[in-house]
Amino acid sequence: MLLRVAASLAMSLPVAAPIAGYLTWKLSSKRPGRPASKRGVPASPAASSSSSSRLRSRGSQAGAPVATIATTGTDAVSPTTASRGSQVKAAAVDAGVATHRVVASATGSQTTRVVEASSEQRGPIVGHVPGFAARVAECNEITEADLASYVPLIVAGKSVGLMQPSFADELVRHGDGVFARVGKDGEEKDGEVGEDDGSPTSSSSSSPSSSSSSSSWPSSSPSSSAVVMDPDAAQTVEQRTEAAAGVMAALRDAGVVTGWRDELFPVNESYGEPPVMLVERATASLLGIRAYGVHVNGYTTAPDGTLRLWVARRSMTKPTWPGKLDHLVAGGLPFGIAPGECVVKECGEEASIPQELAETAKPVGVITYNANYLGCCKRDVLFCYDLELPTDFDPVAADGEVESFELFDIPRLMETVSSTDEFKTNCAVVIIDFLVRHGYLSPEEPGYAALVKSLRQ
């Protein structure tokens, strides 16, 4: 009753409006059943509007440039038209379109806080499984027919690589006395590796033994010949590394190997096993060895529980995948560095993430794939990490390999991965794994089980 009196007074006597407003606020705040304000309880629309208005005011007073960021909850579009703004907001949500408010942004920053939020962020979002399956398939283009065409690389009795016949020929040609071509019977063969002359040549005193070569022949390879090095494992890892280094340098000088990194990768059958030798990183895909890396999903959690993922744009000067979207942090795993240590190193180098923050990254699994990279059999093992970052932390590129960073909301992230090829191929696969683990895909959706299985080849 008193509320109606106060409202009537405000309309009939303009001079009494402040008094009526005060009475209205006091009486409404004491209405029975109205819960007291608690920390963590979302603000009312009016309060949100007021807060947004103050934020805009500070940004305007500072004369700062602005960037758009989507509103969530019940924020009004305009601080002066809360009722009309709420109607616009509701219509936008119904249409699946995000609304925005304006916040201050640092001048010249490499970071863009553009987020297109929607009401669908907190649970499974259907319709993307076919697109995700296509991205995974793009990272696993090696077929059984392709495997039949690759030449095995056997070092110290262990099958460690799969090579294109043309590169295998170059390896034997430049590595005379280090690498040799043999048949399944262990006898050394003349001619090009890709040829099948049907009969091995007589063996020499330096030819590998039949037992050591044939026993390590990969069962999945129907190839009639292989390239071997130190078949009797008579040399040390250091000796094999040194011998291989001379051959790889010759291949570099001949223009066969490009993109030299001066970084050594281990050569082994699986992670954790002692390497049979170390080779230059640029030769990894050519040799078809298993290469290891780390990928970090750097994300933030909003007060309402929704997640957003930091995405990097690769520099146009990168020799591989220039200009593609990438993870916040990712890198190859060199010999002698543990995955967790590599994460901390890459976080500092690529995104200026402090060590104490980078060390909170959590290992969440492994992604494997067999990619066709320029005809090479690229067999990668990626150690995946989740790193939750403070909402006020902005990554900054430190090593020149990243052009910019951008914060993606989940709907935009899913749409970009499933419907475009903007992401570097293996990054798309790791992001799909992230979305699966955080519940943004539903097991009820057709193709879900097959998709999850395909993430590890």
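Our subject in this report is the structure included herewith. Each chain has its residues counted from 1, following the order in which its sequence is written. For a predicted model such as this one, the threshold for reporting local features is a pLDDT of at least 70, and the threshold for listing and counting side-chain atom pairs is 80 or more; totals across whole chains, interfaces and linings nevertheless cover every residue. Values shown for side chains rest on all heavy atoms present in the structure; no hydrogens or waters enter the calculation.

### Description of the sheet that holds strand β5 (residues 158–163)
Convention followed: Strands were regarded as paired on the criterion that DSSP finds at least two bridges between them. Secondary structure elements are taken from DSSP: a helix is a run of H or I of four residues or more, a strand is a run of E of two residues or more, and numbering for both begins at the N terminus. All axes here are fitted lines through C-alpha atoms, helices being fitted over the stretch that makes contact, and every angle between N-to-C directions spans 0 to 180 degrees. Whether two residues are in contact is decided by their heavy atoms: any pair within 4.5 Å suffices.
Across the sheet, which stays open at both edges, the four strands sit in the order β5-β4-β7-β6 with mixed pairing between neighbours. Every interior strand has two partners, whereas the edge strands, β5 and β6 (180–183), have only one. Neighbour-to-neighbour, the strand axes of the sheet open up by a mean angle of 35°, direction not taken into account. As paired elements, β6 and strand β7 (residues 225–229) share four bridges and run antiparallel to each other. Looking at the pairing, Val182 lines up with Ala226 of β7. Together, β4 (151–155), β5, β6 and β7 form the strand contacts of helix α7 (residues 165–174), whose direction differs from that of β5 by roughly 120°.

### Some details on the packing of helix α5 (residues 129–138) against helix α13 (residues 410–419)
As a reminder of what qualifies: For this classification, under 35 degrees means roughly parallel, over 145 means roughly antiparallel, 65 to 115 means roughly perpendicular, and everything else is oblique. Note on convention: near helix rotated counterclockwise from far helix by under a right angle means a left-handed crossing. Clockwise means right-handed. Amino acids outside the nonpolar list (Ala, Val, Leu, Ile, Met, Phe, Trp, Tyr, Cys, Pro) and the charged list (Asp, Glu, Lys, Arg) are all regarded as polar, and Gly is one of them.
Taken N-terminus to C-terminus, the directions of α5 and α13 make an angle of 55°; their axes are 7 Å apart at the nearest point. Between α5 and α13, the crossing angle belongs to the class labelled oblique. The handedness of the crossing between α5 and α13 comes out as left-handed. For the pair formed by α5 and α13, the contact residues are Gly131, Phe132 and Arg135 on the first element and Met414, Val417, Ser418 and Ser419 on the second. Class assignment for the residues of the contact of α5 with α13 results in three nonpolar, three polar and one charged.

### Thoughts on unusual backbone geometry
So the rule is basically this: Note on exposure labels: buried denotes an accessible area under 20% of the residue type's maximum, exposed denotes more than 50%, and partly exposed covers the range between, all computed with a 1.4 Å probe on protein chains only.
Despite not being glycine, Trp321 shows a phi value in the positive range, around 50°. Its location among the elements puts Trp321 in the loop between β11 (307–314) and β12 (325–327). Judged by relative accessible area, which is 32%, Trp321 ranks as partly exposed.

### Observations concerning helix α9 (residues 237–253)
What counts here: Any helix carries an expected span of 1.5 Å times its number of residues minus one.
The terminal C-alpha atoms of α9 lie 24 Å apart, and with 17 residues this matches the ideal 24 Å at 1.5 Å per residue to within 8%. Within α9, the full set of buried residues consists of Arg240, Thr241, Ala244, Val247, Met248, Ala249 and Leu251. Looking at the buried side of α9, the elements it contacts are β4, α7, β7, β9 (277–280) and α10 (284–287). Looking at the residues trailing α9, positive phi occurs at Gly255, about 85°.

### Considerations on the state of the cysteines
Note on terminology: a disulfide is the covalent bond linking the sulfur atoms of two cysteines. In plain terms, the rule: Two cysteine sulfur atoms form a disulfide, by the criterion used here, when they sit within 2.5 Å.
Within the structure shown, the criterion is met by zero disulfides. The closest cysteine sulfur to the non-disulfide-bonded Cys377 is located on Cys376, 8.8 Å from its own sulfur. Classification of Cys377 as buried rests on a relative accessible area of 1%. Not engaged in a disulfide, the cysteine Cys427 finds its nearest cysteine sulfur in Cys139; these two sulfurs lie 9.1 Å apart. Looking at Cys427, the relative accessible area reads 0%, which means it is buried.

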